[in-house]
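Summary of structural features
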Amino acid sequence: MKRVFIIVVWLGVALLGAAAFGKIAFDRGEPLNATWFVVAAVCCYLVAYRLYSAFVAAKVLALDDTRATPCERYDDGRDFVPTNKWVLFGHHFAAIAGPGPLVGPTLAAQFGYLPGTLWLIAGAAFAGCVQDFVILFCSIRRDGKSLGQMAREEVSERGGFIAQLAVLAIMIILLAVVGLVIVNALKSSPWATFTLAMTIPIALLLGLYLRFVRPGRVLEASVIGVALVLFVVVAGQWVADSPSWARAFTLSGVALAFAIIAYGFAASALPVWLLLAPRDYLSAFIKAGAIFSLAVGILFVRPHVLMPPLTRFIDGAGPVFAGRIFPFCFITIACGAISGFHSLISSGTTPKMILRESHARFIGYGAMLLESFVGVMAMVAACAMPPGVYFAINSPPSIVGSAGNAAAATISGWGYPLQAQTMTDLAHKVGEITLWNRAGGAPSLAVGMAQIFSGTIGGERLLSIWYHFAIMFEALFILTVLDAGTRVGRFMVQDLGGRVWKPFGRTGWMPGILLSSATIVALWGFFLYQGVVDPLGGINSLWPLFGISNQLLGAVALVVATTILMKMGRLRWIWVTLLPMAWLVTITMTASYQKIFHANSRIGFLAYANALAAQIAGGKVPAEKIAETQRLIFNQRLDAAVTGVLAAMILVLIVEALAQWYSILTRRKEAVLRESPYIATRWAAGYSGSAHGDD
């Protein structure tokens, strides 16, 4: 009877999700209520976790809790640290959930709400979650080895080495731009700067509390930590209202850059239990709390989605970014559906701290579902505002014209009515000077979130507070990517250095830790500094590469995962990773080709560089602008070269993998699996540990 009841309940959840999806996909009458998005997402996630992730865990991976995990075998108190699964879930979610699921869906909303929402939910369930889960499992079975190391051992020495170089290059650029986004978010914002700065000593306090004062009392420490974080969020407004304190926390771009560089070094070099894990755990509370509060706000306020399901810009002439739905919707959304960066965390810090293999399902698959939910909420927040306002905030002046009546007339001409006074009034309500042409996704998302929150608590009089809270929340999302990414980068540097000098590759050797931390921080810190002092060039010009680079990393991860499953004899289930891999390779290679060679100067790097060169040759560029234009030409050509090199590196890995698969399938070569030997765990199923167990 109980089994019948459970089946009926899950069938009801599935039917409710299908009905909500149908409403989103086919409703063409009155404006769609945003509640349907929350219902569709939650129901689909519940079914995917209950059924699909359980299938992957049992049939594809065959998780085994009798095996000792790396943190049990190599517990060193620094990188390999047995960690409560809830704390580790918080660390993992905070580490993977960066700007992508917030900004990507917001930008992709220019196509309408339908394509992005469908990809966010389906892409996460069948691609992103699978990638994170499988790579985490593979790394656990290989003593916490990195993605590059696994590619070298399981695919081929040559292909793996090229993959390692590609991954490290992408990581350096990614971290530099993540740092630059943080700098731009914190500049002239003492509230956000103070709040983020205070999360560091709170994390140190939490780490020491769990390690020495009250070992194992995770719930107790969580209450203290969250209370302190909420206090500093409120205190941030007091700091902003105090002239002397506001001056102290209003830092220049260069000062913020060096502060972030110093923090990145500390997060990489200090023991993981002291700073990284507790700070990410606390950040996860703020992140998850804000997102779930946004979902509750949507259910309470029941705002209408004013953006149409498909806009006129599906033809590729969008003002936010140029390009058709395929492939640019998928490239732009990136992290909310599948993110190659996640595979670096799943083969970096997390596998070195996980207590049991069964936790990989909850942490790997579950955390990605939560990130996808972040993306859906971002999509709703962007689409709940009038389309005219959305395009006014996100469109550059070169497309819509200068702010004011001219821009409003251009946007109205697209079929999205807008009055210039509307933007003036909105900017005043959120406490900003102007909201015109604030491209990048973050400001429009903050406006959308603030409108939903203020509809729940405080009304329009608190709109400015909610707006600045949303800005701080976005910056908090981004910082956790930088600290975890830097530590993963340190592992990569040590692994590559260990090929030249073996002691350097030992993760527990302090001189190697300090030198590799300094190396990775110096590499991305150099580009961060250049981006801060030269905002027109340098790292900013590489921003269009990030969506492509991130998805290329995802392709690498799925190639490695497919190879390992094949060697494990899981040919019957190989489609679980092979199908998303084929889809991702198709997307990334199409996008790479178009970004390099497309004739439209708004899409193709070379076309834009040639157009600028023609303007100089035709005497259409003022003398004082020639140097700047030449720099832009160089940056566009550099973008094209970097895209081509990265795509070529991934193609080499794919060719190496195909050769490996052919040899295995034709039995020309014995399939050698590089798993660590089986060692039975000393921990009973109910193990709680002296410091890090399951409360």
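Since the structure is predicted, the reported quantities are computational estimates derived from the model, not experimental observations.

**Remarks on the overall build of the chain**
- For the chain, the helix and strand inventory stands at 27 helices and two strands.
- Along the three orthogonal principal directions, the C-alpha set of the chain runs to about 70 × 55 × 55 Å.
- The buried share among the 695 residues of the chain stands at 60%.
- Once local pairs closer than 6 in sequence are excluded, the contacts in the chain between residues at least 24 apart make up 83%.
- When the accessible area of the chain is evaluated, it comes to approximately 26400 Å², of which 67% is carbon and sulfur surface.
- Here the chain carries 50 positive and 34 negative side-chain charges, and the mean point of each set is 4 Å from the other.

**Things to note about the confidence of the model for the chain**
- Averaged over all residues, the pLDDT of the chain equals 84, while 93% of them reach at least 70.
- Every residue in residues 535-540 scores below 50 in pLDDT, and together they form 17 contacts with partners more than four places removed in sequence or on other chains.
- Counted against residues more than four places away or in other chains, residues 687-695, with its pLDDT under 50, gives 28 contacts.

**As for the packing of aromatic side chains**
- One pass over the structure, following the stated rule, counts 30 aromatic pairs.
- Taking the centre distance of 4.6 Å and the plane angle of 25° together, the rings of Phe89 and Phe362 count as stacked. Of this pair, Phe89 sits in helix α4 (residues 85-96) while Phe362 sits in helix α16 (residues 359-383), and the two are 273 residues apart along the sequence. Taken individually, Phe89 and Phe362 each receive the classification buried, so the pair is uniform in this respect.
- For the pair Phe313 and Phe391, a centre-to-centre distance of 5.3 Å together with 65° between the ring planes defines the contact as edge-to-face. Residue Phe313 is found in the loop between β2 (304-305) and α14 (325-333), and its partner Phe391 is found in helix α17 (residues 387-394); the two are separated by 78 residues along the sequence. Across the pair, exposure class does not vary: Phe313 and Phe391 are buried alike.
- Here the aromatic residues Tyr52, Phe55, Phe126, Trp573 and Trp575 are joined through ring pairs into a cluster of three or more.

**With respect to the packing of helix α1 (residues 2-26) against helix α2 (residues 35-61)**
- Interaxial distance between α1 and α2 falls to 8 Å at its minimum, and their mutual angle equals 140°. In terms of axis orientation, α1 runs oblique to α2. As α1 runs across α2, the sense of the crossing is left-handed. Contact with α1, carried on its side by Trp10, Val13, Ala14, Leu16, Gly17, Ala20, Phe21, Lys23 and Ile24, involves Trp36, Phe37, Val39, Ala40, Cys43, Cys44, Leu46, Val47 and Arg50 of α2 and no other residues of that element.
- Split into classes, the residues belonging to the contact of α1 with α2 amount to 15 nonpolar, one polar and two charged.

**Section: the side chain of Thr577**
- Note that Thr577 resides in helix α25 (residues 575-597).
- A relative accessible area of 0% means that Thr577 is categorised as buried.
- Within polar-contact distance, the side chain of Thr577 engages the side chain of Thr562 at 2.9 Å.
- In this view, Thr577 contacts Val130, Val134, Leu558, Ala561, Thr562 and Leu565; residues no more than four positions away in its chain are not counted.

**Looking at the pattern of salt bridges**
- As enumerated under the stated definition, the model contains twelve salt bridges in all.
- With a shortest N-O distance of 2.1 Å, Arg73 and Asp143 are connected by a salt bridge. You can see Arg73 sitting in helix α3 (residues 70-73) and its partner Asp143 sitting in the loop between α6 (113-140) and α7 (147-154), a full 70 residues away along the chain.
- We note a salt bridge from Arg141 to Glu675, for which the minimum N-O separation is 3.1 Å. Placement of the pair is Arg141 in the loop between α6 and α7 and Glu675 in the segment after α27 (626-665), with a sequence separation of 534 residues.
- A relative accessible area of 8% places Arg141 in the buried class.
- Glu675 sits in the partly exposed class, given a relative accessible area of 22%.
- What emerges from the salt-bridge pattern is a single network uniting Arg67, Arg141, Glu357 and Glu675.

**Considering the environment of Gly144**
- With respect to the element layout, Gly144 can be found in the loop between α6 and α7.
- Taking relative accessible area as the criterion, Gly144 reaches 4% and is therefore assigned buried.
- Between the C-alpha atom of Gly144 and that of Trp583, which follows or precedes it by 439 residues, the distance is 28 Å.
- If we ignore the near neighbours within four places in the chain, the residues touching Gly144 are Pro70, Ser139, Ser347, Gly348, Pro351 and Lys352.

**Regarding the side chain of Lys595**
- When you line up the elements, Lys595 lands in helix α25.
- For the buried Lys595, which has no salt bridge, the nearest side chain bearing the opposite charge is Asp639, at an N-O separation of 7.4 Å.
- Within the structure, the side chain of Lys595 is placed 3.0 Å from the backbone oxygen of Ile603, a separation counted as a polar contact.

**With respect to helix α5 (residues 100-108)**
- Most of α5 sits inside the fold, with nine of its nine residues counted as buried.
- For α5, the complete set of buried residues consists of Gly100, Pro101, Leu102, Val103, Gly104, Pro105, Thr106, Leu107 and Ala108.

**A short note on the packing of α6 against α16**
- At a minimum axis distance of 8 Å, the contact between α6 and α16 shows a crossing angle of 160°. Looking at the two axes, α6 sits roughly antiparallel to α16. The chirality of how α6 crosses α16 is right-handed.
- Grouping the amino acids of the contact of α6 with α16 by side-chain chemistry returns 18 nonpolar, six polar and two charged.

Thresholds applied
- Residues numbered from 1 in each chain as written.
- Predicted model: local features only at pLDDT ≥ 70, side-chain atom pairs only at ≥ 80, totals over all residues.
- Heavy atoms only, no water.
- Helix = DSSP H or I, 4+ residues; strand = E, 2+ residues; numbered from the N terminus.
- Buried < 20%, exposed > 50% of the residue type's maximum accessible area, 1.4 Å probe, protein only.
- Contact = heavy atoms within 4.5 Å.
- Areas by Shrake-Rupley, 256 points an atom, 1.4 Å probe, with all protein chains shown as cover.
- Lys, Arg positive; Asp, Glu negative; His and termini not counted.
- Charge placed at Lys NZ, Arg CZ, Asp CG, Glu CD.
- pLDDT = per-residue confidence, 0-100.
- Phe/Tyr/Trp six-rings, centres within 6.5 Å; stacked < 30°, edge-to-face > 60°.
- Axes fitted to C-alpha atoms, helices over the stretch in contact; angles between N-to-C directions.
- Parallel < 35°, antiparallel > 145°, perpendicular 65-115°, else oblique.
- Left-handed = near helix turned anticlockwise from the far one by under 90°.
- Nonpolar A, V, L, I, M, F, W, Y, C, P; charged D, E, K, R; others polar.
- Polar contact = N/O pair within 3.5 Å; in protein donor to acceptor, adjacent residues only side chain to side chain.
- Salt bridge = Lys/Arg side-chain N within 4 Å of Asp/Glu carboxyl O.

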